[in-house]
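# Observations on the model geometry
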Amino acid sequence: MVGALGDGTRAVVFAHLKSILNAAVHDEKTGRNPCLARSVTAPRPIQRKIPWKAETVSAIQAGIQWRSRL
């Protein structure tokens, strides 16, 4: 069933699991974190380029009302 998850989702789930196990090691509930083993490869999300050109982004930013901007 894990194969049904997207690359980004698998990376986030792994990061959360690693954090939980780090806390368990810190709290002395387990001896080590198996996510840190050399034989384990952490999933990485696929880096995608933004399909918009800089001009398009600028035009959208210019059209946003001032109170809605960051």
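Residues numbered from 1 in each chain as written. Predicted model: local features only at pLDDT ≥ 70, side-chain atom pairs only at ≥ 80, totals over all residues. Heavy atoms only, no water.

For the rest of this paragraph, the subject is unusual backbone geometry. Of note, the phi angle at Glu 28 is positive, near 60 degrees, even though the residue is not glycine. The residue Glu 28 is located in the loop between helix H1 (7-26) and helix H2 (54-63) in this model. (Helix = DSSP H or I, 4+ residues; strand = E, 2+ residues; numbered from the N terminus.)

On the secondary structure map, Thr 30 appears in the loop between H1 and H2. Here Thr 30 falls in the partly exposed class, since its relative accessible area comes to 32%. For the pair Thr 30 and Ile 20, spaced ten residues apart in the sequence, the C-alpha separation amounts to 11 Å. Beyond its immediate sequence surroundings of up to four residues, Thr 30 is in contact with Leu 21, Ala 24 and Val 25. (Buried < 20%, exposed > 50% of the residue type's maximum accessible area, 1.4 Å probe, protein only. Contact = heavy atoms within 4.5 Å.)

Mapped onto the elements of the fold, Asn 33 is located in the loop between H1 and H2. Asn 33 gets classed as buried once you look at its relative accessible area, which sits at 5%. A polar contact is formed between the side chain of Asn 33 and the side chain of Asn 22, at a distance of 2.8 Å. Here Cys 35 takes part through its backbone nitrogen, which lies 2.8 Å from a polar atom of the side chain of Asn 33. Look past the residues within four positions of Asn 33 in its chain and what remains in contact with it is Lys 18, Leu 21, Asn 22 and Val 25. (Polar contact = N/O pair within 3.5 Å; in protein donor to acceptor, adjacent residues only side chain to side chain.)

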